[in-house]
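In case you want the letters, here they are:
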Amino acid sequence: MEKKVKVDFCTTCRKNTEYNLQKQNIKKVIRNKEYAFNITSAVCKQCKKEMNIPGLIDLNIKEIDEQYRKYEDIVTIDDIEKLMNIYDIGKSPLSLALGFGEITITRYLAGQIPSKEYSDIIKDVLSNPSNMKRKLNENKDKIAPVTYDKSIKIAIKLEELFSVSEKMLSVLSYVFESIEEITPLALQKLLYFIQGLSYALNDRPMFLDECCAWVHGPVYPKVYSLFKNFKYNPIDDDRFVIFKKRGINLNENERKVIDLVVNTFGEYSGKVLEKITHTEKPWVIARKGYFDDVPSYELITNSDIKSYFKEMNKIYDFSSKEGIKEYIKEKIK
């Protein structure tokens with residue numbers, strides 16, 4: 001396909017010329033504080049001067065707005081829209097449910113930047129359905145009964161779905177930040193390997209959530225139930241915002257374990273990972289006495305996971321990618 005040539009009027013050359021889009025750094029003072037922004041500019045190919053092409057000013061405003069919100073950790077318009085979609089609630093009812101003025105959310109959606117206080121309230125209900133349920137109950141008299149009933153039912157359902165531990169939510173967040181697309185089968189196996197390597201390298205569990213031996217390998221039932229209600233790629237679901245940035249709650253050693261798993265086991269399909277787990281003692285012990293076509297909710301005990309991975313660590317050295325890859329190679333022969 002022929003590349004489209006970018007042409008517009010250059011006020012320096014006084015004629016239509018080709019131009020390139022490139023990034024430039026600028027400094028801008030907002031509320032008596034100086035910020036550095038990286039914005040898009042159009043540069044004439046002939047005179048090398050900047051050009052004012054249609055739509056560029058609007059683009060620069062958007063770029064500065066997004067970067068400023070990131071600097072100050074302010075909620076985005078996109079996140080507010082997701083909040084409305086998740087709880088199926090309009091602008092005015094949402095404002096009142098959060099304890100704001102009736103048109104506050106309308107102003108935010110039009111581009112007004114929230115105060116840090118109000119931004120934190122919005123982020124709190126975005127990240128935790130229990131917080132949204134609490135706000136709805138606190139302000140139920142300010143919104144229509146039909147709106148309250150609809151949104152509170154959603155909040156209760158989400159609260160039940162997100163009943164996994166806070167640590168598990170943090171791990172899930174970090175895994176999805178590291179891998180753009182992941183199948184439910186592969187995700188379950190990666191969580192199991194993360195738990196195993198945490199025992200092997202840090203001598204403690206990554207999380208306390210229960211693991212079961214299902215037909216297709218180790219499974220964390222609450223995580224399974226959670227993502228069964230999501231789209232095939234959870235990142236495309238508005239509710240995925242609940243996971244956002246939780247990975248910052250993990251310490252350096254925990255992130256190192258997850259990175260090792262993602263960069264080794266994470267390179268294989270869910271079916272290959274399933275094959276590996278079917279050869280490992282924790283799953284085999286838990287499945288003992290069951291036929292492969294019989295569903296099983298037998299627990300894979302953390303003690304079995306711990307002893308197995310600590311034993312394998314002595315042989316392969318799971319502190320390095322090379323050691324893990326050697327282990328994988330032996331398992332998939």
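(A) View of the sheet that holds strand β2 (residues 15-30). Pairing within the open sheet is antiparallel, and its 4 strands lie in the order β1-β2-β3-β4. A strand with exactly one partner marks an edge of an open sheet, and here the two such strands are β1 (7-10) and β4 (50-51). Looking at chain direction, strand β3 (residues 33-44) and β4 are connected through 2 bridges and run antiparallel. Note that in β4 the partner of A42 across the bridge is M51.

(B) Spotlight on the nonpolar core. Among the nonpolar cores identified, the biggest contains 80 residues, and I122 and F265 are the most heavily contacted of them. Discounting chain neighbours no more than four positions away, the residues touching F265 are L190, F193, L197, L273, I324, Y327 and I328. Counting residues in each nonpolar core, the second largest holds 7 residues, with C10, C44, M51 and I53 among its members.

(C) Structural detail: the packing of helix α2 (residues 77-87) against helix α5 (residues 116-127). Taken N-terminus to C-terminus, the directions of α2 and α5 make an angle of 45°; their axes are 10 Å apart at the nearest point. Overall, the two elements α2 and α5 adopt an arrangement that is oblique. Here α2 and α5 pass one another in a crossing that is left-handed. Counted together, D79, I80, L83 and Y87 of α2 and I122, V125 and L126 of α5 form the full contact between these two elements. Here the contact of α2 with α5 is composed, by residue class, of 6 nonpolar, no polar and 1 charged.

(D) Structural context of the pattern of salt bridges. Across all of its chains, the model carries 20 salt bridges by this definition. With a closest N to O distance of 3.1 Å, K33 and E72 form a salt bridge. Separated by 39 residues along the polypeptide, K33 in strand β3 and E72 in helix α1 (residues 56-72) bring together distant segments of the chain. Under the relative-accessibility criterion, E72 is labelled partly exposed at 23%. When the shortest N-O distance is used, the salt bridge between E274 and K271 registers 3.0 Å. You can see E274 and its partner K271 sitting in helix α12 (residues 270-277), 3 residues apart, about one turn around the helix. Through salt bridges with shared partners, a single ionic network connects D73, K116, D120 and K123.

(E) Broad picture of the sheet that holds strand β7 (residues 299-300). One open sheet holds the 3 strands; their spatial order is β6-β5-β7, and the pairing between them is antiparallel. Pairing within the sheet leaves two strands with one partner each, and these edge strands are β6 (217-219) and β7. With 2 bridges joining them, strand β5 (residues 211-214) and β7 adopt antiparallel strand pairing. Residue pairing across strands places C212 opposite L299, the latter belonging to β7.

(F) The arrangement of unusual backbone geometry in detail. Unlike most non-glycine residues, N32 shows phi in positive territory, near 65°. Tracing the backbone through its elements, the reader meets N32 in the loop between β2 and β3. Here N32 falls in the exposed class, since its relative accessible area comes to 81%. In this model, D88 sits at a positive phi of 50°, which is unusual for a non-glycine residue. Following the sequence through the fold, D88 ends up in the loop between α2 and α3 (91-97).

(G) Region of interest: the packing of aromatic side chains. Within the structure shown, the criterion is met by 17 aromatic pairs. Summarising the aromatic geometry, the rings of Y192 and F309 are spaced 5.6 Å apart at their centres and angled 70° between planes, so their arrangement reads as edge-to-face. Here the residue Y192 occupies a position in helix α9 (residues 184-202), and F309 occupies one in helix α14 (residues 302-316), the gap between them amounting to 117 residues. Side by side, Y192 and F309 carry an identical accessibility label, which is buried. Judged by centre distance (5.3 Å) and plane angle (85°), the rings of F207 and Y220 are edge-to-face.

(H) How the structure looks around the environment of R246. By the secondary structure assignment, R246 is in the loop between α10 (221-228) and α11 (252-262). Residue classification places R246 among the buried positions, given a relative accessible area of 10%. Spatially, the C-alpha atom of R246 lies 4.6 Å from that of S170, the residues being 76 residues apart in sequence. When residues no more than four places from it in sequence are discounted, the contact partners of R246 are S127, N128, E166, L169, S170 and S173. Engagement of the side chain of R246 in a polar contact is seen with the backbone oxygen of S127, the distance being 2.2 Å. A polar contact of 2.8 Å, which involves the side chain of R246, links it to the side chain of E166.

(I) Region of the structure containing the layout of surface pockets. Reported here for the largest pocket is a volume of approximately 720 Å³. Lining the largest pocket are 23 residues; nearest its centre among them are D73, D79, K123, K244 and K245. Elements with a contribution of two residues or more to the lining of the largest pocket: α1, α2 and α5. Taken together, the residues of the lining of the largest pocket sort by class into 6 nonpolar, 4 polar and 13 charged. Size it by volume and the second largest pocket reaches roughly 160 Å³. Lining the second largest pocket are 12 residues, with E177, F240, F243, K244 and K245 sitting closest to its centre.

What counts and what doesn't
Residues numbered from 1 in each chain as written. Predicted model: local features only at pLDDT ≥ 70, side-chain atom pairs only at ≥ 80, totals over all residues. Heavy atoms only, no water. Pairing = 2+ DSSP bridges. Helix = DSSP H or I, 4+ residues; strand = E, 2+ residues; numbered from the N terminus. Core = buried A, V, L, I, M, F, W, Y, C linked by side-chain atoms within 4.5 Å. Buried < 20%, exposed > 50% of the residue type's maximum accessible area, 1.4 Å probe, protein only. Contact = heavy atoms within 4.5 Å. Axes fitted to C-alpha atoms, helices over the stretch in contact; angles between N-to-C directions. Parallel < 35°, antiparallel > 145°, perpendicular 65-115°, else oblique. Left-handed = near helix turned anticlockwise from the far one by under 90°. Nonpolar A, V, L, I, M, F, W, Y, C, P; charged D, E, K, R; others polar. Salt bridge = Lys/Arg side-chain N within 4 Å of Asp/Glu carboxyl O. Phe/Tyr/Trp six-rings, centres within 6.5 Å; stacked < 30°, edge-to-face > 60°. Polar contact = N/O pair within 3.5 Å; in protein donor to acceptor, adjacent residues only side chain to side chain. 1 Å grid on protein atoms, 1.4 Å probe; cavity = no way out; pocket = protein on both sides within 12 Å on 5 of 7 lines; lining within 4 Å. Points joined across faces, edges and corners; volume = space filled by probe spheres on them.

The quantities given are spatial measurements derived from coordinates; they are silent on function.
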